[in-house]
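One letter stands for each residue in the lines below.
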Amino acid sequence: MVPARALGLLLCVQLCGGDGELRLVDGGGRCAGRVEVKHEGEWGSVCSYDFDWDHRGAGVVCRQLGCGVVAWASPYAPFGQGKGRIWLHPFCQGGETTLQECLHFGWGKHFCDHDRDVGVTCTEALELRLAAGRGPCEGRVEVKLRGRWGTVVDDSWDMEDAEVVCQQMGCGSAAGAYQGSEFGQGDGPINLAFINCDGNEEALWDCKIRGWGPYTSPTKYDSAVVCQGFSRLAGGDGACSGRLEVRQGRAWATVCHGHVDLKAAQVVCRELGCGAAVAVPAAGHFGAATGPLWDGAFECNGSEPLLATCARRPTHGQACAGPAAIVCSSYTGFRLADGGLGCAGRVEVEAQGTWGALCASAWDLRDAHVLCRHLGCGPAASLPPGGHFGTGTATGPLRRDALSCSGSERHPGECPVVLLGEPACPPGHAAAVNCSGAAEPLRLLDGESRCDGRLEVATSPGAWARVAAGPGYDRAASVACRQLGCGVPEKVYAVPAASSGPVELQELRCAGTEELLAQCNASGPAAAPGHSPPEAAVACSGDRRLRLAGGPGRCAGRVEVYSEGTWGTVCQDAWDLPDADVVCRQLGCGRALEAPGLERFGPGTGTPWPGAGGCSGTEAALWACPAPARRGCRRGGGAGAVCSGLLRLAGGSSSCSGHLEVLRKGTWGRVCANDSSPATAAVVCRQLGCGTGGRLAAVPAQGSVPAWLGWVRCQEGAPSLWHCPSAPWHLQSCGPEGVTHIACDEDTEDTSGATSTAGATSSVAPLTAVSGSVPLPTVLCVLLGTLLSLALAALAVQAHRARLQRRGENCLGSTRGSEGNCETCQCNTCFLAGPNRATDAGSEVVYEELDYSLMPEYQEEPSHTGSLSMGSGLKLPDDNWDGDEEESNPGVAPAPLAQPGHSPLDGYDDAAAVPEEPPTPHGRDAPVQPRGDTGYDDVDIGTLGTAP
């Protein structure tokens, strides 16, 4: 019972005065440390007992300081003992605005010493990072505590713990949880130890944490994670181009076109380790969405490390025009060197911050056209021989990257690049080009390529005017397509003005036979008063594109053609395997295995493209096939193709394990295992949609299948196998090193990768119901076992009742009240001897369990200097440690502290309270404390030493 004097003191709240200042000291920052308040111009500490100081009081401190919420609180001087006055001994309810508003005994009145100086760690004082990984979403888990980075130690670190870390870092879901030296051993202290997460917490410090450091003990249990990442590019040729998808919970959601811009694309490309963003194509460039849509837009400044850290804005119900598409390039710069002028010279590219000359072996005129236009030098004029402009000052070998531009790309980084199988470049054979030097006086913007979009003409260097959609602008479109080298117009249309207000416009009147747009009559610049008229746009035939949509990857799906400025399906009336073979070869997907109709991948949308169905199978493009002589499309669109792909794992238990094989000139060949890099397995598995990692092994060559390649040396993070260097292509037999065998982490039959393969068999059979009857001996065994179990249970109950009765009769030193109740008893359970004696053994057992659980399980002791593994109440396991054994051994927990005025067994007492003398307030006497569970559970780390 709290004395009346103490109750009076508790009424002393803010009315007692005080300066109202609060701070946290010795915690490495303003949001962690020992709690101190200022009174009468002097700073002093705050003390309390464990049952008084909890997240309610600590929460008031964190909120008052603007430091977030409580991460950890302790009343045992976790940040050292104060040296001056103890100003407050507070009792907070949690809703107070300031600590001074909490009930207390008065300024300078307290019942605790400096060894109970309270400390708080608020969430704003903590930081989380992943160290020593290949990117921001993998590595050793480190937490910043008391201003210093340290490791996280847990002998049972699992996927739930890793999930919380990955989600907190904005890196999507966890792909792996590791212990030990997966990413090296940290050189700092141990800041957090023994963590148990459910997987749904918002931050790692919201999990159950038994050890708050820092600790100085060496350990082999550093925790590490590998995250799936918050963003990915799907449906493209490799991991560095495709439609943008982000992690929504534990599923992938598609981001809509218009909800990301080039700055956001730069963040995505950097996050994925794909270099720089070179294009944000039109909606649906890489196919339709395959899952839910992301409800939101990203606003980035371009410098963020992860897309998840960019600001977000609502879309206000805006309709989704289609999936956003991004094209990244490992090349971050292009230039022409040693040519005397800016538009001629040696071709050099920048990758990973290093410039190098490009080999001329695979350099052609289409590649040169794209580069010259990108540099503002017009089309290419000529290709001098390799080495014409020297080799430069680079000391390394020439880059043997083979670009395969179509000529319609706006940026050379959009061109497909192949390194696999390319021979070493002859010394001095650097690519060279002479550009025309005249910047093209017109351009098409906001379309799929440089041959599609809104028409603009140059009025002066760096100044552009839009072309109004006036009468006869279709003839101007014919001249524009021809001048750009983009064929003829397929579609001429008007688009709304790109911006409001005064804009510079031109009206062009052409006959349609001009070679240059400048030969047409122009009205001259004009300002549109108040509003802007529609602008001219054109889709030229040179912008025709092809894709496979609605399938498991880019090499299987519904055939769609980009024509007349829109994507449309292909009529299936005369669709056959030779047509599909042309599609597969045009897309670089090998040979056609099937030519299904709409029943496989759906009918698609839009008007079916009729110009297919008469291919011989040898044409270079689908639109090069002779158009069938028919009218309309009777069966509708939906023609499909299933290609072999250029890559597969064959001979294994599924399509995600087996011998690595590649398709070259229509022939499948294996890959010799001579010095193949371990990273090759991860690259192949990721490309096939079989997870993010795998195991590479060399196995003896069997059968007569030849090999195409050897010495494949993929680097970590390579977007696809085609970007890996190797020995040149040639059919060969592998030597004693054997052939490359890969087993992916996700060894399943469902492979939704970009290059799904055929020919691999699966041993997974569909589940079927088991038929037949259960044998009679089995039924008899089950019945007999059940009866025996019931008999044993009955005997156990009887034995337990007898044991409890003997313990009750032997209860020593007990006295009986008027009703026969026990007042004191030295046994764990007191049984009644009179008429009120309990006869239900089950209830007696329940009472015994309750009586035991009401004893305080443990109590935190003040911290002492020491190590995590020696001289502490909680030890890190060694190599022979058994977790179950330690948990069952109560000897490892420190003994509870005896509180002033209480015996060590005084954890619970349901007898009548005994009046006590009111304590005199001073620094050493404690007030009467409430009995029972303290609600504080840090005993396991209570005696751990902390690093200075």
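Within each chain, residues carry numbers counting from 1 in the order of the written sequence. Where local features are concerned, this predicted model is filtered to residues with pLDDT of at least 70; where side-chain atom pairs are given and counted, the filter is 80 or more; whole-chain, interface and lining totals use all residues. Heavy atoms from the whole structure form the basis of all side-chain values; hydrogens and water molecules are not counted.

1. Overview of helix α6 (residues 473-483)
- Only protein chains enter the accessibility calculation, which uses a 1.4 Å probe. A residue is then buried if its area is under 20% of the maximum for its type, exposed if over 50%, and partly exposed in between. Strands are runs of DSSP state E lasting at least two residues, helices are runs of H or I lasting at least four, and both sets are numbered from the N terminus onward. Listed as buried for α6 are Y473, A476, A477, V479, A480, C481 and Q483.
- Those residues of α6 that are buried are in contact with β30 (442-446), β31 (452-460), β33 (489-495), β35 (508-509) and β38 (535-540).
- Looking one or two residues past α6, G485 carries a phi angle of roughly 70°, positive in sign. Whether two residues are in contact is decided by their heavy atoms, any of which lying within 4.5 Å being enough.

2. Let's talk about the environment of R443
- Positionally, R443 belongs in strand β30.
- Spatially, the C-alpha atom of R443 lies 8.4 Å from that of G453, the residues being ten residues apart in sequence.
- R443 has contacts with R454, L455, E456 and W464, leaving out every residue within four places of it along the chain.
- Distance and chemistry together define a polar contact, namely a pair of N or O atoms within 3.5 Å, with one atom able to donate a hydrogen and the other to accept it when in protein, and with adjacent residues in sequence counting only for side-chain atoms on both sides. Only 2.9 Å separates the side chain of R443 from the side chain of E456, close enough to count as a polar contact.

3. A word on the nonpolar core
- We call a set of buried Ala, Val, Leu, Ile, Met, Phe, Trp, Tyr and Cys residues a nonpolar core when their side-chain atoms join them within 4.5 Å. If you look at the biggest cluster of nonpolar residues, it comprises 30 residues, and the most contacted ones within it are L204 and W205.
- When contributions to this core are tallied by element, the ones reaching two or more residues are β4 (70-74), β9 (127-131), β10 (138-145), α3 (159-168), β13 (190-196), β14 (208-215) and β15 (223-227).
- For this core, the element with the highest residue contribution is α3, accounting for four residues.

4. Observations regarding the state of the cysteines
- The disulfide criterion used throughout: a pair of cysteine sulfur atoms within 2.5 Å. Using the criterion set out here, one finds 25 disulfides in the structure.
- Each sulfur of the disulfide joining C92 and C102 lies 2.1 Å from the other. Since a negative S-S torsion denotes a left-handed disulfide, the C92-C102 link at about 105° is right-handed. Here the residue C92 occupies a position in the loop between β6 (90-91) and β7 (103-104), and C102 occupies one in the loop between β6 and β7, the gap between them amounting to ten residues. An identical accessibility class is assigned to C92 and C102; each is buried.
- Between the sulfur of C300 and that of C310 lies a disulfide, 2.1 Å long from S to S. Judged by the sign of its S-S torsion, about 115°, the bond between C300 and C310 is right-handed. Here C300 is found in the loop between β20 (297-299) and β21 (311-313), whereas its partner C310 is found in the loop between β20 and β21, with ten residues between them in sequence.

5. Description of the confidence of the model for the protein
- In the predicted model, the protein carries a mean pLDDT of 76, and the fraction of residues at 70 or more is 75%.
- Between residues 1-18, whose pLDDT stays under 50, and residues either more than four places distant or in other chains, the model counts 29 contacts.
- A residue's pLDDT is the predictor's confidence in that residue, given on a scale from 0 to 100. Confidence drops under a pLDDT of 50 for residues 748-775, and excluding neighbours within four residues, the segment shows 55 contacts in the predicted structure.

6. Observations regarding the pattern of salt bridges
- We count a salt bridge whenever a side-chain nitrogen from Lys or Arg sits within 4 Å of a carboxyl oxygen from Asp or Glu. Applying the stated criterion across every chain yields a total of 30 salt bridges.
- A salt bridge links D26 to R34; its shortest N-O distance comes to 3.1 Å.
- Given a relative accessible area of 54%, D26 falls into the exposed group.
- Members of the salt-bridge network, linked through shared partners, are R443, R454, E456, R466 and E535.

7. Describing the packing of aromatic side chains
- Only Phe, Tyr and Trp rings take part, Trp by its six-membered ring, and two of them pair if their centres are within 6.5 Å. Stacked means planes under 30 degrees apart, edge-to-face means over 60, and tilted covers everything else. Under the defined criterion, the tally for this structure stands at ten aromatic pairs.
- Here W294 and F298 contribute two aromatic rings whose centre-to-centre distance is 5.8 Å and whose plane-to-plane angle is 10°, an arrangement assigned as stacked. For the pair W294 and F298, a shared accessibility class is recorded, and that class is buried.
- Relative to F334, the ring of Y331 lies with its centre 5.4 Å away and its plane at 70°, an arrangement referred to as edge-to-face.
- We classify Y331 as buried; its relative accessible area is 2%.
- Members of the aromatic cluster, joined through ring pairs, are F91, F105 and F111.
- Distance and angle both matter: a charge sits over a ring if NZ of Lys or CZ of Arg is within 6 Å of the ring centre and within 35 degrees of the ring normal. The ring of F194 carries the charged tip of R210 above its face, separated from the ring centre by 5.6 Å.
- One residue, K491, lies across the ring of Y493, its end atom 5.0 Å from the ring centre.

8. Thoughts on the pairing of β31
- The pairing criterion is simple: DSSP has to find at least two bridges between the two strands. Pairing between β30 and β31: five bridges, direction antiparallel. Opposite L442, over in β31, you have V457 as the bridge partner.
- Between the antiparallel neighbours β30 and β31 lie five residues.
- Bridging between β31 and β38 involves three bridges; their strand directions are antiparallel. Bridged to G453 within β38 is V538.
- Here four bridges tie β31 to strand β32 (residues 463-467), and the two strands are oriented antiparallel to one another. By the bridge assignment for β32, E456 is matched with R466.

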